[in-house]
Amino acid sequence: MRRTDRELTDISQIKSILADAEVIHLGIRTDRYPYVVPTNYGYEFDTNNQLTLYIHGAPVGHKRDLIAEDGRVGFAIDTDGQVLNPKDPDHDTPSFKYRSVMGYGDAKLVDDLDQKRYALQRIALHEVGHEWSNLPDAAVEHVGIIQITVNQFTAKANPGDSQKYVQN
């Protein structure tokens, strides 16, 4: 990481970014170019702080076809994006406030009904703040689930300097 002064290593700060953000930008391999798709997500950390991400969508489609061919993916999750204008434009330049987590891992298509239900509960917990009770089997069967075992991730932030910048 080039800007080590902005690197976040505290797992509680990283978890805060994942909790606050709502969209993951998933980069999937193709034979010619990366295919990037924004979507919502769910996540969990195990007791060893292994991060797993969950994405739902249609049970068929380009994203799923590509992952079936090659499950190696990259991702970026960010929040708090805001242009910061300098208080003294003659001596300082604009900056950008943000928090982000990015990384890569191995994606797989989930077909097992119980695993799909579990993934949907992680997504619901993240997106609406609680798990859904009594998800009908037919609804769970119809949704497509992608599980990403994250192999590596980094996080960084620029909180902005209130002494130098005006936050719009």
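Here's what I pulled together on the structure shown here. (Residues numbered from 1 in each chain as written. Predicted model: local features only at pLDDT ≥ 70, side-chain atom pairs only at ≥ 80, totals over all residues. Heavy atoms only, no water.)

A short note on the overall build of the protein chain
Scanning the protein chain from terminus to terminus reveals four helices and nine strands. Written out in order from the N terminus, the α and β elements of the protein chain read β-α-β-β-β-β-α-β-β-α-α-β-β. A buried classification covers 39% of the 168 residues belonging to the protein chain. Restricting to contacts in the protein chain with at least 6 residues of sequence separation, those with at least 24 account for 72%. Here the protein chain displays about 9,700 Å² of accessible surface, and carbon together with sulfur accounts for 48% of that area. Positive and negative side-chain charges of the protein chain, numbering 18 and 25 respectively, have mean locations separated by a distance of 4 Å. (Helix = DSSP H or I, 4+ residues; strand = E, 2+ residues; numbered from the N terminus. Buried < 20%, exposed > 50% of the residue type's maximum accessible area, 1.4 Å probe, protein only. Contact = heavy atoms within 4.5 Å. Areas by Shrake-Rupley, 256 points an atom, 1.4 Å probe, with all protein chains shown as cover. Lys, Arg positive; Asp, Glu negative; His and termini not counted. Charge placed at Lys NZ, Arg CZ, Asp CG, Glu CD.)

Some points on the environment of asparagine 134
One can find asparagine 134 in the loop between helix H3 (113-128) and helix H4 (137-142). Taking the relative accessible area as the measure of exposure, asparagine 134 reaches 72% and is therefore exposed. Once the C-alpha coordinates of asparagine 134 and arginine 117 are considered, the two residues, 17 residues apart in sequence, prove to be 10.0 Å apart.

Topic: the side chain of glutamine 147
Relative to the helices and strands, glutamine 147 resides in strand S8 (residues 144-158). Those residues in contact with glutamine 147, other than ones at most four positions away along the chain, are Thr52, Leu53, Tyr54, Asp106, Ala107, Lys108 and Val110.

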